[in-house]
Amino acid sequence: MFDVVIRGGSAPDIAIEGEFIAAVGHDLPAGEREIDATKLAILPGVIDAHVHFNEPGRADWEGADTGSRALAAGGGTLFVDMPLNSAPCTVNAQHFDAKRAALEAVSLTDFALWGGIVPGNLDDMEDLAERGVIGFKAFMCDSGLPEFPRADDATLYLGMVEAARLNLPVAVHAESEEITKRLARQLIAEGRCDIPAFLESRPVAAEVEAIERAGAFAREAGCRLHVVHISSGSGVAAALEARRLGTDISIETCPHYLFFSEDDLLRIGAIAKCAPPLRNDNERETLRHAARHGEIDIIGSDHSPCPPEMKDRASFFEIWGGIAGVQSTIPALLEIGLTPERIAATTATNPARRFNLKNRGALEPGNYADITLVDVSATTQIGKATMLHRHRTSPYEGYTLQGAVRQTIRRGETIYSDGAITSQSRGRFVHA
Ligand SMILES: [Zn+2]
């Protein structure tokens, strides 16, 4: 007898034995525990390949304890933490070990780690690869954190050469430093520090140019390239062009670029600030079109909150840029019309494949039983009462979105069910 059988109406049943999916098919024999999902969508657990839980060192901004619980409530079973904004940042083996230990102590979900590329750490990349990072993240513009300086062009190119040798991808925050820094300086000098000035300082062209440049570097270096949080339809077009020219490139966007526009930023203000910024209707529409038609490979939340006081500054340029979104990915994507199949591909199957997370990301026998059950016809009201991340702010607050996560199963164990975290067990480190 199977440990658990999830009954899926028109979709196949799923049988779980221990931590693994034992069988997938119609009319499976009974399980010791039966879960009725006949009216629910059965999706692979969300793999959020882009979060900043900021532990160790800045757990007052989020922390893997609260962050992983919010992820679980959003249908997530595994996150990949960025090398910043933890302190120290994950740029060498020692800092990696500190982060892994800190996350193992508190995370509810499983997790993997990105290493970083910064000027001066190319010799550390091999150690990080040996410890199991899924790849290396670099900033092409100022990261906002002095301890994680941007990769100048030579550092980025040589970092890609080394990553190619280690057979790992490089992820880039693609915005031109040349353009964004100069425009920001000029606007501030003119006494302009409001939201329109911030938007003017980070034009779509800054993103497009950086994607083209990173694409050319990666092609020459023979490196797999992952462009994080592409904010515009034009950015996707630039990435697809790089692919046509021969770059092995994957395209990530975030729910907030698909959901909100710059008009929403003007209305909502600081809690909707992020970089690259929210874009105009036309760019958002072409980005949505790309997402609906399979041109977006991966959707990650880029959950990057901060204490409320850092969102309260006179100059909009000084406000911390980062959106809290780890809990709302599935309803936000359903609300803009992505199908459950497309959501499964972009939030689980594709990231698992791209980042070599073995036996994950698909509902197949032999894989870990990482599963989320979603009531697609219900709705989720986004409000402070149900937010599980540390600071209860979200640009989605007040919205009622399509779909509701009913249950999250991580390696066979129900860790979230109908509004409550149901497990005290710990997640595991997963290496690439
Ligand atoms: Zn990020």
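Note that the structure is a prediction, hence the values are computed from the model and not measured.

## Focus on unusual backbone geometry
The residue after L84, namely N85, is reached through a cis peptide bond having omega 20 degrees. With respect to the helices and strands, the residue N85 is situated in the loop between β7 (76-81) and α2 (93-106). A87 connects to P88 through a cis peptide bond whose omega is 5 degrees. Relative to the elements of secondary structure, P88 occurs in the loop between β7 and α2. A positive phi angle, close to 45 degrees, is found at D418, a residue other than glycine.

## Quick word on the pairing of strand β17 (residues 413-417)
Pairing analysis gives four bridges linking strand β16 (residues 400-410) to β17, with the strands arranged antiparallel. Note on β17: the bridge partner recorded for T408 is Y416. In sequence, β16 turns back onto β17 through a hairpin of two residues, with R411 there showing a positive phi of about 45 degrees. Summarising the sheet, β17 and strand β18 (residues 420-421) pair through two bridges and their orientation is antiparallel.

## Section: the sheet that holds strand β10 (residues 136-139)
Strands belonging to one sheet form pairs held by backbone hydrogen bonds; the direction of such a pair is parallel or antiparallel. Across the sheet, which stays open at both edges, the six strands sit in the order β9-β10-β11-β12-β13-β14 with parallel pairing between neighbours. Of all strands in the sheet, those bounded by a partner on one side alone are β9 (115-116) and β14 (298-299). Looking at chain direction, β9 and β10 are connected through two bridges and run parallel. Paired with G115 across the bridge in β10 is F136.

Reading guide: rules and limits
- Residues numbered from 1 in each chain as written.
- Predicted model: local features only at pLDDT ≥ 70, side-chain atom pairs only at ≥ 80, totals over all residues.
- Heavy atoms only, no water.
- Helix = DSSP H or I, 4+ residues; strand = E, 2+ residues; numbered from the N terminus.
- Pairing = 2+ DSSP bridges.

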